[in-house]
Amino acid sequence: MSVLDGHCETMGEVTFAGDLSAPDPIPEAGIDAAVRLLKDGRLFRYGEDRNSIPEAALLEQEFAAYQGRKYCVAVNSGGCALFIALKAAGVCPGDKVLINAFTLAPVPGAIAHAGGEAVLVDIDDRYVVDLEDLDRKAAASGAKFLLLSFMRGHIPDMDAVTGICARHGVTMIEDCAHTMGGGWDGRLTGTFGVAGCFSAQTFKQVNSGEGGLVVTDDEDLAARAILLSGSYMLYAQHRARPAMDVFERHRYTTPNCSMRMSGLVASLLRPQLATLDERNRRWRRIYDCLASELAPVNGLNLPARPAKEDFAPTSMQFSVSPDLLSDQQLLRFIQNADAHGVHVKWFGAPDPIGFTSRHDHWRYVDGTRAGAVPNADRVLSRLCDFRLPLWLSDADCRTIAAVLKQAVAAAGYTESDAGGIKSSA
Ligand SMILES: *Cc1c(COP(=O)(O)O)cnc(C)c1O
C-alpha cells in the first residue's frame, strides 16, 4: 500500500519549494572578522607584524582544544589534510593503505597523491567499514595504514576498528570530513587514530568554501604536517604546535607543499566552531524528524544507528529495496522527486554525477572491478542521498518526506497503467 493511495488525485501533488543546496549564511562575527582582514590586507596566515595573532593560528588553537588534542594544523582543503596526514604519518610511495569502499573521490585521490596504493575494504549495510573484511584485508594485504572515512557521517564500531588495527600493527588516520563534532561512545571522531582530518568545504559542518584541519597528539607527525603544509621557517607562529626542538628533526628533510589555509578562511571558520555543538544538535533533530516520517515506508531502508553512534548528519541516506522499485523505477523515483523540489543523488548511477562517487569510478585504484567488494556493489547500487541544510523546519521535513513518498508511489506505476492501477506494492 502506498501511503498516498487514494489521496494523490484529490490532494494534488506535493512540491518542496526550498533549495536543499542553499547553505546557511556565514555568521555576522565571521563576516566582520573577514572584512577587518580585507581592510588590513594581511591575508597570508603568517604575519611579520608582532602585535596581532594571526587568525589561522587562533583557529588551530581553538580546534585543538575542541578536539582535546595537542596539535592542529590548518590547510587549504580536506583532501590536502588527508594527503598531509598520510605523508606525515610516514606513507611512502608504494605503501598500501586500506580504505572503506564507500567514500568520496578525494580519499583515494589523497592516497594517490602520497604515492600510496589504496586497498578497498568492503562495507556493511550500515554503510560503514565491514569489520570482518577489514580484519581479512589487513592480514592479506600486509597494509600498515588505514584511512578510515566516516563517509556521509556514518561511524563504525570504533572499539572494534581500533582493536583490529592494533592486532595487525596498522596505523589509522581518520577522515572526519562529515563528522566534525560527531563521535562514538562519547569520544569524538578524530581522536581514535594517530591523526584526524577535517574539511571546511561548503557542505560539511563548517563552511569556508575550502579548508582543512589535521589534529594529532604525535609531536613528530605534527611538526612534519606543519612543515609540509608550507610553513616556511615561520612555524614558531603556530600556537597548537610541538616544541621548537621537534622541528629541528624535520626542517631540512620535509618538503614545503604549499597547502596553507589563508587568514581569510580561518576568520570565517572561528565563529562557526563556537556554535558547532548547537548546530549538530539541530542537524540531528532534522534527521530524526525525517527518519520518523520515512522509516515506516516499506522498502525505503534507513541504516541502523547504534546508541553509541553520536552522529551529526549534514545529509541523509536511504537504500531502496529492489522489491519496492526496479532499477528503471528507481530512476523514475529520482526524476519525480527532483521534479518536485527534492534533489536525490543515486550512487548506483553508471557515471559519476556531481559529488557521487563509487569505487569503480576510480580506475587508478586496484581492486575496483565488480565483485571485489560485493556488499559495497550491492549497497551502492541502491543507495540514495540528499542534503540536509540547517534551516529545514519540521514542516519542511514533513514536506520532503511527502515528496519522497509521492515519488515512490509515482515510480511504482508503469506507462501502461496510466489508468491508475499500481504495478507493485
Ligand atoms: C568532502 C570530503 C573530503 C574532502 O574534502 P575537500 O575539502 O572537499 O577536499 C574527504 N572525505 C570525505 C568523505 C568528504 O566528504
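Reading the values: the criteria
Each chain carries its own residue numbering, running from 1 in the direction its sequence is written. It should be noted that, the model being predicted, local features are given only for residues of pLDDT at least 70 and side-chain atom pairs only at 80 or more, the latter also being counted only at that level, while totals for whole chains, interfaces and linings use all residues. Side-chain descriptors were evaluated using all non-hydrogen atoms of the structure, hydrogens and water having been removed beforehand. Relative accessible area decides the class of each residue, using a 1.4 Å probe on protein chains only: under 20% of the type maximum gives buried, over 50% gives exposed, and in between gives partly exposed. Runs of E in the DSSP output that reach at least two residues are strands. Runs of H or I that reach at least four are helices, and both are numbered from the N terminus. The directions from the helix axis to the C-beta atoms are what the arc is built from. In this analysis, two residues are considered to be in contact whenever any of their non-hydrogen atoms come within 4.5 Å of each other. Distance and chemistry together define a polar contact, namely a pair of N or O atoms within 3.5 Å, with one atom able to donate a hydrogen and the other to accept it when in protein, and with adjacent residues in sequence counting only for side-chain atoms on both sides. Any residue with a heavy atom positioned within 4 Å of a molecule or strand is treated as near that molecule or strand. The method behind every accessible area is Shrake-Rupley, applied with a 1.4 Å probe, and residues are considered shielded solely by the protein chains displayed. The residue classification treats Ala, Val, Leu, Ile, Met, Phe, Trp, Tyr, Cys and Pro as nonpolar and Asp, Glu, Lys and Arg as charged. All others, Gly included, are polar.

**Q** In this structure, what is going on with helix 6 (residues 131-141)? I would like to understand it.
**A** Note that an α-helix has 3.6 residues per turn; residues three or four places apart therefore point the same way. Buried within helix 6 we find Asp 133, Leu 134, Ala 138 and Ser 141. Buried residues of helix 6, seen end-on, are gathered within an arc of 130 degrees and therefore sit on one face of the element. Of the residues in helix 6, the exposed ones pointing more than 90 degrees away from the buried face are Glu 132, Ala 139 and Ala 140. Of the surrounding elements, those touching the buried residues of helix 6 are strand 2 (96-100), strand 3 (117-121), strand 4 (145-149) and helix 7 (158-168). Of the residues that open helix 6, the one with a side-chain oxygen 3.1 Å from the backbone nitrogen of Glu 132 is Asp 130. Of the residues flanking the end of helix 6, it is Gly 142, one or two places downstream, whose phi is positive at about 70 degrees.

**Q** What is the right way to look at the site of the ligand in this model?
**A** Residues in contact with the ligand amount to 14 residues; listed here are only the nearest, Gly 79, Asp 175, His 178, Ser 199 and Lys 204. One of the backbone N or O atoms of Gly 78 is found 2.7 Å from an oxygen atom in the ligand. Between the ligand and Lys 204, the relevant distance is 2.9 Å, taken from an oxygen atom to a side-chain nitrogen or oxygen of the residue. Protein burial of the ligand: of its 380 Å² of free accessible surface, 91% is covered by the chains. Listed by contribution, the elements that provide at least two residues to the shell around the ligand are helix 4 (78-89) and helix 5 (106-113). Among the residues forming the shell around the ligand, the class breakdown is five nonpolar, seven polar and two charged.

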